[in-house]
Amino acid sequence: MFIITCPFCGERDQSEFSAGGEAHIVRPKQPTELSDDEWADFLFMRKNIKGVQFERWNHAHGCRKWFNVIRDTSNDKIHAVYKMGEKPPQK
Amino acid sequence: MSENFRSLETKFLDKTNRISFKYNGKKYYGYKGDTLASALLSNGVHLIGRSFKYHRPRGIMTCGSEEPNAIVQIGGNSSFTEPNVRATEQEIYEGLEASSQNCWPSVEFDVGGINNFISPIIPAGFYYKTFMWPKKLWYSLYEPAIRMSAGLGKSPTQTDPELYDHNHLHCDVLVVGGGISGVIAASISSDNGNNTVLIDDKSSLGGTTIFQDDENFKINDEKSSVWLNNKIKELENKKNLIIKHRTSLAAYHNYNYLLARENLADHKSLNERSNKLRQRLWKIRAKKVILATGAIERPLIFNNNDRPGIMLANSVKKYIDYFGVRCGNKNIIFTNNDSAYETAISLNKKGINVTIVDIRNSSSSMLVKNAKNAGIKIYWNHTIVDTKGYRRIKSIQIMEISEDGTNVIGDKINLVCDNLSVSGGWTPMVHLFTQSGGKLKFRDSDQVFLPNTAMSDQISIGSCNGDFELDDIIKNTISDCKNFLSSSTTDFDLVKVNCPKQKESKNIWLLPNDKPLGKTKPFLDFQNDSTAKDVKLAMREGFRSIEHVKRYTTTGMGTDQGKLANMHALGIISETAGVKMGSLGTTTFRPPYTPLTFGTIVGRNVGAFFDITRKTPMHDWHENNKAKFENVGQWKRAWYYPKDNESMHQAVQRESKAARDSAGILDASTLGKIDIKGTDASEFLNRVYTNAWSKLGIGKCRYGLMLNEDGMVYDDGVTTRLDDNHYLMTTTTGGAANVLSKLEDYLQTEWPELDVWLTSVTDQYATASVCGPNSKNILKKLFPDVEFNDENFPHMSYKNAEMDGINCRIMRISFTGEHSYEINIESKYGKSLWEKCMEAGKKYNITPYGTETMHLLRAEKGFIIVGQDTDGTMTPIDLQMDWIVSKKKYDFIGKRSLYRSDTMREDRKQLVGLLTDNPKEVLEEGAQIVQDEKKQPIEMLGHVTSSYFSPNLNKSIALAVVRNGKKLKGQKLYVPMKDKTINVTVSDFIFFDSKNERLNA
Ligand SMILES: [Zn+2]
């Protein structure tokens, strides 16, 4: 049960949020131009890292906003939280 | 057993409050403040249970949560009874009833004891090896036999009548453990301005120091127990400190989130408890955590070390110094370190006969000198090779240890005793530290695992951090707390400590014996009956990982989670394998630290509070009219309305006929409703639905199908264009929340440039759906000002209207295939709307119908239900709904996936209709469909998704998904059931009014 700092609401309990998988996977602008393999890569392939991972989270029981989280999956340490459309902070 | 073993009065018990209780049906007395264990010991009762596997007699061994043997069933009647309670923790109360758990038919005479004599054939892994095969004997023979003789306690057979609660708690500093270091930490923390919470699992603070009787342990020239008692009194006046007694920490999760169980009633008699809370689960979020959970004493591993009367030395000391109870009249102390000498001196001071056997060669500490001066006989460099006594220890045999420590030499000496106090050193309680993600380090000098790196803002202090002597504990507790809490000075800075002990101990995990290991019984895990030779056998059979050895030998797998056994198991493994103990790691410590009742875990979330129930504004009407309800997600939906003694089938047939013959009314309030606004609303709908939306006129409705990005059908519903930039979308009842969050996801992350705003309005509107040939007449009566002719108000259009001055939205849309209207009104008027519809429809026999009839009517029309006829693997093409997939649109969610090689396969499972050869035979939903029954292995083509007897067609109809179904139209297939095979023919899936003539009737 970790604590996430929502960029809009502040520190809240993990139970208020829902996880939305890997971050920074952009939906192709012209899907019809892609080969089956390229489309499948966008659709299905996700990283599952033990360690620092870029993730999407949604403040589902709060402001309902989506945002990005950099989390170490091995110990749940959150290194950064930043809004959608922003670049991950450089460390 | 009439002898009174209460030797002296102590201030910890209330001697004016004598309490009677029953144990195994016999009446005993104790005092307020006694635990069940101390009260039994004061009556001379040691034998308390039988061991799990061999049914050997076992007695009380400890005085705390690590107790492996004294596990009892509490409570006489079937709803208050609780198994697996540790007698060492249960406080006695007037009328307490307790009984031995692991013994049938009685603790004195036990048929399972026979296992003791056949134990050579019950080695490690016995359960795995023997009961594996033949499999069919498992249910009939093995499991009942094991359960019968294992006697793991009885669960209550009735609903728990007691109340449990959950509470949240936030604090700056949480101190876990109320021993001397916890008391000092809580004091420093609150003095430093922190909101502090101190929790302790006992009824009063003070740990083991509070009953330290030895004058040689001094703090500031006071007896340590006196000094501590004063400090505890001072705590009561601290303003920002909360102390919680009888509260044990169950779990320590990351980010300093902790769960603690506060026991409010288990020490009270049933009369005193009336309607009060029994236990409370605290959900604690602390900024900083100080663990002061202490250490537990280790047993020593020697032959027959499990007899009743063999106890841990510090526990014997607590029984005499705290409870005033002597555990025997002739005591022997068996030790490898100084701390057991405290027990010896305590007993000696009270005039109780005591002898010491020490595996060390010598010790020069003041404590040992004092023991010698008191005239206590000490056997140095000796070990116990055997013990005698079946129901209670009677004597021990000792021999000298050889120089290298691996053997015994010389003659056996026989010593008579009725109590044996054992001390193998101390194990820091690092369970909670590791639960929180902390990593351990190993200290070679005394073979202990200690906290090393913590994952959250916390420290461990006192003996759980490896400080076992009073001087170290106090010095390090003060300096660690000052650092941790950034305080420059404390009240404790000038404290002076005297400690007469020496730190040297000698460690032999498995003590040597004159007999070969195979001929001895050195128990490791007393609760699960695993011995040192089981661990060695497991290793001979190839097990190396501690986690594997643990499971194979069941060492450490009882309700005590191996609090006593784990270190010795590790030690023996590392010795046998010839590796350093620190390199083996430990088994994983999982929550809960001590067992929790189910009541505490669920709290108030029982019965009606188990889950949220959503009810429509018309719910009362349905209830008053005898509706049966079905759960759809959290919603209660009217299922059908039986009249008189109608069966469900009869009611649904009547409702279905009425809806098509004259008029029916359905509560559709549960459908998800999303209000969509913004200048890009049309473009947004274009992207999320498969069909085109730009050209939908204001005041028109359109059915839409929503896919997942993988091309599979996700949701469907009718969306109405209320205005230029304003739509009202409806979703399926179950999909409402998911659709909204999916749409929000796309808007916020993929298309932030779109000007679109989504609001859920499901709860804001109530919806009554009136259908049937007379629906128009009923609507005319309700809304006299609205023109209902087909030119002015055609199918798939909407109008605003007023009912008694209240705004309504009327959509002319249909899920039944009948001419029909959905009237939406503000929720609070829902019931009144419904009643007015019923009144206006009286003349036309308007018939309320539930979800079952709705499903039947739409199945006659071949309309799908997402989630029933689809399962996340169906594309619109599979559903033969090609007509709704726009070819012109460049993109929409899931479009690209419809052109993947897999989704374009022609032999995918496809939606078809099925007609049974016997029109009266109704298929079972979920039934499998095959083409050739004889073929082995039988090939499944698909399954029935919806199936009804249609009263309007007077025959059975079904929808099914069948591989290559589109091409199988007209063909015969088979549905094999348990007792027969049903012949079916693949058909069109629109069974009724395929030309849609009734929509405008
Ligand atoms: Zn938020």
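### Some words on the overall build of chain B
Looking only at helices and strands, one finds 23 helices and 50 strands in chain B. On C-alpha atoms alone, chain B measures out to a radius of gyration of 38 Å, which is more than a quarter above the 30 Å that the 2.2 N^0.38 rule sets for 1001 residues. Among the 1001 residues that make up chain B, the fraction classed as buried is 59%. When contacts within chain B are restricted to residue pairs at least 6 apart in sequence, long-range pairs at least 24 apart make up 66% of them. Of the accessible surface of chain B, which amounts to about 41,800 Å², a share of 50% is contributed by carbon and sulfur atoms. Side-chain charges in chain B split into 129 positive and 118 negative, and the spacing between the mean points of these groups amounts to 3 Å.

### Topic: the coordination of the zinc ion
All names here are of chain A. Here the zinc ion is held by the protein donor atoms C6 (SG), C9 (SG), H59 (ND1) and C63 (SG), which lie 2.0 to 2.3 Å from it. Taken together, the four donor atoms coordinating the zinc ion span angles of 105 to 116° at the metal, a pattern that classifies the geometry as tetrahedral. Counting along the primary sequence, the residues that act as donors to the zinc ion give the motif C-x2-C-x49-H-x3-C. With C9 in the loop between β1 (3-6) and β2 (10-13) and C63 in the loop between β4 (52-58) and β5 (66-72), the pair connects residues that are 54 residues apart, well separated along the chain.

### Observations concerning the pairing of β4(A)
Residue and element names in this part refer to chain A. Counting buried positions along β4 yields five of seven residues, so the element is predominantly enclosed. Direction of pairing for β4 relative to β5: antiparallel, over a ladder of seven bridges. Paired with Q53 across the bridge in β5 is R71.

### Re the packing of aromatic side chains
Residues and elements named next belong to chain B. Enumeration over the complete set of coordinates arrives at 26 aromatic pairs over all chains. With centroids separated by 5.7 Å and ring planes inclined at 20°, the aromatic side chains of F788 and F793 adopt a geometry described as stacked. The exposure class of F788 is buried, given its relative accessible area of 3%. The exposure class of F793 is buried, given its relative accessible area of 0%. Connected via pairs of aromatic rings, a cluster forms that spans F12, F211, Y319, Y322 and F323. Here R18 stacks its cationic end above the ring of Y29, 4.0 Å away from the centre of that ring. One Lys or Arg, R702, reaches over the ring of W693 and ends 6.0 Å from the middle of that ring.

### Quick notes on the nonpolar core
Formed by 81 residues in total, the largest nonpolar core has its most connected members in B:L36 and B:I290. In this structure B:I290 touches B:V173, B:L174, B:V175, B:V176, B:A185, B:I459, B:I461, B:C481, B:F484 and B:L485, once residues within four positions along its chain are discounted.

### Here we look at helix α10 (residues 366-373) of chain B
Residues and elements named next belong to chain B. Taken together, the buried positions of α10 are occupied by L367, V368 and A371. Looking down the long axis of α10, one finds its buried residues gathered within 95° of arc, a one-sided arrangement. Among the structural elements, α9 (339-349) and β20 (377-380) are those in contact with the buried residues of α10. Positive backbone phi, approximately 85°, marks G375, located one or two places after α10.

### Focus on unusual backbone geometry
Residues and elements named next belong to chain B. Going from P591 to P592, the amide bond is cis rather than trans, its omega being 0°. As for its position among the elements, P592 is in the loop between α15 (566-577) and α16 (598-602). The step from Q936 to P937 runs through a cis peptide bond, and the omega angle for that step is -5°. Mapped onto the fold, P937 is located in the loop between β46 (928-930) and β47 (940-950). Unlike most non-glycine residues, S486 shows phi in positive territory, near 50°. Structurally, the position occupied by S486 is in the loop between α12 (470-485) and β29 (497-498). By relative accessible area, S486 is classed as exposed at 65%. If you check the backbone angles, N964 has positive phi at about 60° while not being a glycine.

### A few points about the pattern of salt bridges
All names here are of chain B. Under the defined criterion, the tally for this structure stands at 70 salt bridges over all chains. Among the salt bridges present, the one from E646 reaches R654, with a minimum N-O distance of 2.7 Å. Taking relative accessible area as the criterion, R654 reaches 23% and is therefore assigned partly exposed. Sharing partners across several salt bridges, the network here consists of D213, K223, K317, D321, K349 and K350.

### A few points about the sheet that holds strand β2 (residues 26-32) of chain B
Residues and elements named next belong to chain B. One open sheet accounts for five strands, arranged β2-β1-β7-β5-β6; its pairing is mixed. Looking at the sheet topology across the chains shown, the edges are occupied by β2 and β6 (82-86). Averaged over all pairs of adjacent strands, the angle between strand axes in this sheet comes to 40°, irrespective of strand direction. Inspection of the sheet shows strand β5 (residues 71-74) paired to strand β7 (residues 97-100) by three bridges, in the antiparallel sense. Bridge assignment links V72 to a residue of β7, and that residue is S100.

### A short note on the interface of chain A and chain B
With 28 residues of chain A at the interface, the matching set in chain B holds 26 residues. Together chain A and chain B conceal approximately 2,500 Å² of surface at their shared face, both sides included; 46% is due to carbon and sulfur atoms. The three residues of chain A that bury the most area against chain B are A:M1, A:R27 and A:R64, which together make up 28% of that side's buried surface. At the junction of chain A with chain B, the criterion picks out six salt bridges. Residue B:D745 pairs with A:R56 through a salt bridge whose shortest N-O separation is 2.7 Å. Broken down by element, the side of chain A that touches chain B gets its largest block of residues, five residues, from helix α1 (residues 36-44) of chain A. Along the lines of polarity and charge, the residues of the side of chain A that touches chain B split into 14 nonpolar, four polar and 10 charged.

### Looking at the domain arrangement of chain B
All names here are of chain B. Domain boundaries assigned for chain B yield domain 1 (163-295 + 428-498), domain 2 (623-670 + 765-788 + 820-870) and domain 3 (871-987). Interface area for domain 2 against domain 3, summed over the two sides, is near 1,400 Å², with a carbon-plus-sulfur share of 59%. Ranking the residues of domain 2 by area buried against domain 3 places E860, D869 and T870 at the top, with a combined share of 36%. Here domain 2 and domain 3 share zero salt bridges between them. Connecting domain 2 to domain 3 are eight residue pairs in polar contact (both at pLDDT 80 or more). Ranked by the residues each element gives to the side of domain 2 that touches domain 3, the list is headed by helix α23 (residues 851-861), at seven residues. Taken together, the residues of the side of domain 2 that touches domain 3 sort by class into five nonpolar, six polar and six charged.

Rules behind the numbers
- Residues numbered from 1 in each chain as written.
- Chains lettered and ligands numbered in written order.
- Predicted model: local features only at pLDDT ≥ 70, side-chain atom pairs only at ≥ 80, totals over all residues.
- Heavy atoms only, no water.
- Helix = DSSP H or I, 4+ residues; strand = E, 2+ residues; numbered from the N terminus.
- Rg over C-alpha atoms; globule rule 2.2 N^0.38 Å.
- Buried < 20%, exposed > 50% of the residue type's maximum accessible area, 1.4 Å probe, protein only.
- Contact = heavy atoms within 4.5 Å.
- Areas by Shrake-Rupley, 256 points an atom, 1.4 Å probe, with all protein chains shown as cover.
- Lys, Arg positive; Asp, Glu negative; His and termini not counted.
- Charge placed at Lys NZ, Arg CZ, Asp CG, Glu CD.
- Donors = N, O, S within 2.8 Å, 3.2 Å for Na, K, Ca; no water.
- Tetrahedral: all angles 85-135°; square planar, octahedral: opposite > 155°, others 65-115°.
- Pairing = 2+ DSSP bridges.
- Phe/Tyr/Trp six-rings, centres within 6.5 Å; stacked < 30°, edge-to-face > 60°.
- Lys NZ or Arg CZ within 6 Å of the ring centre and 35° of its normal.
- Core = buried A, V, L, I, M, F, W, Y, C linked by side-chain atoms within 4.5 Å.
- Arc of directions from axis to C-beta.
- Salt bridge = Lys/Arg side-chain N within 4 Å of Asp/Glu carboxyl O.
- Axes fitted to C-alpha atoms, helices over the stretch in contact; angles between N-to-C directions.
- Buried area = accessible area lost by both parts, 1.4 Å probe.
- Nonpolar A, V, L, I, M, F, W, Y, C, P; charged D, E, K, R; others polar.
- Domains from an automatic or database assignment.
- Polar contact = N/O pair within 3.5 Å; in protein donor to acceptor, adjacent residues only side chain to side chain.

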